[in-house]
Amino acid sequence: MRTVPTAIALALLAAAAGVTGRGADLFAQLGIPMTSAEQAAITIISNGLHNPGLPSTSFKLLPPAVRAELATAGVAWLKAYTKSPAFKTQYGNLRETHKPQPPQFEGTPEDELKRADDEQKLQAEESRRAIASLPEDQRRALERTLAASAEAQARMNTPEQRALRLQEIRAARAERTTEYEQAVANWRRQYPDDASPAIARRLREFLAVSAEVDFAAALKTTEDGRTRFENPAYEAKSAPWKLCFRAGREATGAARVAVAEWLKELTR
């Protein structure tokens, strides 16, 4: 079944076009469970403009003017839903899911260095035991290899080398801590306490992509029965661009007007 987008940008265009007062009935008429529409809203916040997979057969059968009305209604429903306790709970859960986890360090850098030495010694002992029962010629060759490894390890355990190894451990820990702090800063920008900036970002994305849609673009049917744009440049366009095209000029235009007004309210 073909689908059209919902939620913060492209449900705007239709599929989630339920709404105020009559919302539940319209969702039912379009074959969209209310829970699916609500989940689509939070999915768009998380992943950006895409097709959440809601059914659109009923929507596509409607006249363009009715699609436009439903698109406007869809924005109104979505706007109201994002102010509801249910959405706030969803958003809070989403925010926690994407929260970066701090790096875990076991003990001090000195402890980590000692563990590395202990592991190396244990591996050497296991290797010596493993070759003990081998034929003499094979055992001697492997013993020479183990001896060379032991010499290399001894060189790594001079005071100077141990100081360098500790420095490397501290630097690696500092780098992981810095990466974590940067991840937290990015997380706070992408998922702020208040969902309004995140919603506004998705609304801007919708306005940007929908402004460039050529609704007069010609289509063709390929040998395998699929519909493609005749213009290769259009065929290479993003999924949101194509979703706007499928929704149609009237529905997309109506959604753009409603979204622009909503964006003004969010950014005052």
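Fair warning: this is a prediction, and the values are worked out from it, not measured in the lab. (Residues numbered from 1 in each chain as written. Predicted model: local features only at pLDDT ≥ 70, side-chain atom pairs only at ≥ 80, totals over all residues. Heavy atoms only, no water.)

A closer look at helix α6 (residues 85-97)
Next, step 1: For α6, with 13 residues, the first-to-last C-alpha span of 18 Å sits near the 18 Å given by 1.5 Å per residue.
Next, step 2: For α6, every residue scored as buried is listed here: Phe-87, Gln-90, Tyr-91, Leu-94 and Arg-95. Angular distribution of buried residues about the axis of α6 spans 135°; they occupy a single face of the element. Pointing more than 90 degrees away from the buried face of α6 are the exposed residues Pro-85 and Lys-88.
Next, step 3: Turning to α6, the residues buried within the fold contact α3 (34-47), α5 (64-81), α9 (159-190) and α10 (196-210). (Helix = DSSP H or I, 4+ residues; strand = E, 2+ residues; numbered from the N terminus. Expected span 1.5 Å × (residues − 1). Buried < 20%, exposed > 50% of the residue type's maximum accessible area, 1.4 Å probe, protein only. Arc of directions from axis to C-beta. Contact = heavy atoms within 4.5 Å.)

Looking at the nonpolar core
General note: in soluble globular proteins, nonpolar side chains tend to be found buried as a group.
Next, step 1: Core analysis: the largest hydrophobic core is formed by 42 residues, its most contacted members being Ile-45, Phe-87, Tyr-91 and Ile-199.
Next, step 2: Only α3, α5, α6, α9, α10, α12 (239-247) and α13 (249-266) provide two or more residues apiece to this core. (Core = buried A, V, L, I, M, F, W, Y, C linked by side-chain atoms within 4.5 Å.)

Considering helix α7 (residues 109-131)
Next, step 1: Taking 1.5 Å as the rise per residue, α7 with 23 residues should run 33 Å; its terminal C-alpha atoms sit 33 Å apart, in good agreement.
Next, step 2: Along α7, the residues that are buried comprise Pro-109, Leu-113, Asp-117, Gln-120, Ala-124 and Ile-131.
Next, step 3: Next to the buried residues of α7 lie α8 (136-155) and α9.

Points about the pattern of salt bridges
Next, step 1: Counting across every chain of the model gives 12 salt bridges.
Next, step 2: Ionic pairing is found between Asp-117 and Arg-162, a salt bridge with its closest N-O pair at 2.6 Å. With Asp-117 in helix α7 and Arg-162 in helix α9, this pair connects stretches of sequence that are 45 residues apart.
Next, step 3: You can call Arg-162 partly exposed: its relative accessible area is 27%.
Next, step 4: In this structure, Glu-235 engages Lys-242 in a salt bridge whose closest nitrogen and oxygen atoms are separated by 3.4 Å. (Salt bridge = Lys/Arg side-chain N within 4 Å of Asp/Glu carboxyl O.)

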